[in-house]
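Here is how the chains run, residue by residue.
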Amino acid sequence: MSHARSEWKDFKTLAPDVDTMVRSLGSAAAQFGLDKPLLELIKLRASQINGCAFCVQFHILAAEKLGVPIDKLNLVVVWREAPIFSSRERAALAWTEALTLVKQGVGDEVYAEASAEFSAQELAYLSSAIGAINVWNRLGVAYRWLPPERKTQATAG
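Reading the values: rules and limits
Throughout, a residue's number is its position along its own chain's written sequence, starting from 1. A pLDDT threshold of at least 70 governs which residues receive local features in this predicted model, and a stricter bar of 80 or more applies before side-chain atom pairs are shown or counted, although totals over entire chains, interfaces and linings include all residues. Think of the side-chain values as coming from all heavy atoms in the structure, minus any hydrogens and water. In the sections that follow, a salt bridge refers to a side-chain nitrogen of Lys or Arg positioned within 4 Å of a carboxyl oxygen of Asp or Glu. Under the DSSP-based scheme used, a helix requires at least four consecutive residues in state H or I and a strand at least two consecutive residues in state E, with every element numbered from the N terminus. Only protein chains enter the calculation, and the probe is 1.4 Å; a residue is then buried if its accessible area is under 20% of its type maximum, exposed if over 50%, and partly exposed in between. Note on method: axes are straight lines fitted to C-alpha atoms, helices fitted across the in-contact stretch only, with angles between N-to-C directions ranging 0 to 180 degrees. Throughout this description, any angle smaller than 35 degrees is read as roughly parallel, any larger than 145 degrees as roughly antiparallel, any in the 65 to 115 degree range as roughly perpendicular, and the remainder as oblique. Rotating anticlockwise by less than a right angle from the far helix to the near helix defines a left-handed crossing, while the corresponding clockwise rotation defines a right-handed one. Contact definition: two residues touch when any of their heavy atoms are within 4.5 Å. All residues other than Ala, Val, Leu, Ile, Met, Phe, Trp, Tyr, Cys, Pro, Asp, Glu, Lys and Arg, Gly among them, are scored as polar; the first ten of these are nonpolar and the last four charged. Exposure above 30% relative accessible area and no salt bridge define the residues that can form patches, which grow by joining like charges within 9 Å and nonpolar side chains of Val, Leu, Ile, Met, Phe, Trp and Tyr within 5 Å. Accessible areas in this description were obtained via Shrake-Rupley with a 1.4 Å probe; residue shielding takes into account the shown protein chains only. Only centres within 6.5 Å qualify two rings of Phe, Tyr or Trp (six-membered ring in Trp) as a pair; their planes then separate them into stacked at under 30 degrees, edge-to-face at over 60, and tilted for everything else. By definition, being over a ring means that NZ of Lys or CZ of Arg is both within 6 Å of the ring centre and within 35 degrees of the ring normal.

Peer 1: Got a minute to help me understand the pattern of salt bridges in this structure?
Peer 2: Close approach of charged atoms lets side chains of opposite charge pair. Applying the stated criterion across every chain, the model contains seven salt bridges. Its salt-bridge partner being Arg 88, residue Glu 122 comes within 3.2 Å of it at the nearest N-O pair. Taken together, the residues Glu 122 in helix α8 (residues 120-143) and Arg 88 in helix α6 (residues 87-100) connect sequence positions 34 residues apart. For Arg 88, a relative accessible area of 26% translates into the label partly exposed. One salt-bridge network, in which partners are shared between bridges, spans Arg 45, Arg 80 and Glu 97.

The structure is reproduced here in structure tokens:
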């Protein structure tokens, strides 16, 4: 069983400027106007890929608060096989996987799909949100942050 090396609140105390900067990067896409439920889906998917239990739970709770259907939350891990996702959500999830698994490269097909669903500016903001959640995931995995409890959700990126 894994144990926390520290908690998110401890990290915020140790490096408040980093917390503020990553949070700011993560919130830019929503402030720009990208759909918050869509952003929670991409944050959830990246967190699943990266194995960050804290972020998976955090973004499930955040998505529930925004009214994302539980079926979508349950099926995001197999989004390609689940017809419940719109073409815009599919493009965002494919883009998320490509940027999260960047070592495998970002193919022309996934770029074309994302560009068909998002304007150049929207795609830039979506990419920044994906970058931010990947930063949070790396911190959460490194420090083994414990997942937030349903009734005491924190406020992270």
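Peer 1: What should I look at first to understand unusual backbone geometry in this one?
Peer 2: Excluding glycine, residues mostly have negative phi values, and the peptide bonds linking residues are mostly trans. A positive phi is found at Arg 144, a non-glycine position, where the angle reads about 55°. Tracing the sequence through the fold places Arg 144 in the segment after α8. For Arg 144, a relative accessible area of 28% translates into the label partly exposed.

Peer 1: I tried to follow the packing of helix α3 (residues 36-50) against α8 on my own but got confused; where do I start?
Peer 2: The relative placement of two packed helices comes down to the angle between their axes together with the axis-to-axis distance. α8 packs onto α3 with a crossing angle of 40° between their chain directions and a minimal axis gap of 9 Å. Our classification of the angle between α3 and α8 gives oblique. The handedness of the crossing between α3 and α8 is right-handed. Contact with α3, carried on its side by Leu 39, Ile 42, Lys 43, Ala 46, Ser 47 and Asn 50, involves Leu 126, Ala 129, Ile 130, Ile 133, Asn 134, Asn 137, Arg 138 and Val 141 of α8 and no other residues of that element. For the contact of α3 with α8, the per-class residue count stands at eight nonpolar, four polar and two charged.

Peer 1: Would you mind going over a nonpolar patch on the surface with me for this structure?
Peer 2: A contiguous nonpolar surface patch, about 270 Å² in accessible area, is contributed by Leu 75, Val 77, Val 78 and Ile 84. If you trace the backbone, Val 77 turns up in the loop between α5 (70-75) and α6.

Peer 1: What should I look at first to understand the packing of aromatic side chains in this one?
Peer 2: Two measures describe an aromatic ring pair: the distance that separates the ring centres and the angle between the ring planes. All chains considered together, the criterion is met by eight aromatic pairs. Look at Phe 54 and Trp 145: their rings are 5.4 Å apart centre to centre, the planes differ by 75°, and that puts the pair in the edge-to-face class. Here Trp 145 lies in the segment after α8 and Phe 54 lies in helix α4 (residues 53-65), a separation of 91 residues in the sequence. Both residues of the pair, Phe 54 and Trp 145, belong to the buried class. Taken together, Trp 8, Phe 11, Phe 54, Phe 58, Trp 136, Tyr 143 and Trp 145 form an aromatic cluster joined through their ring pairs. The lysine or arginine in question, Lys 12, covers the ring of Trp 8, its NZ or CZ lying 4.4 Å from the ring centre.

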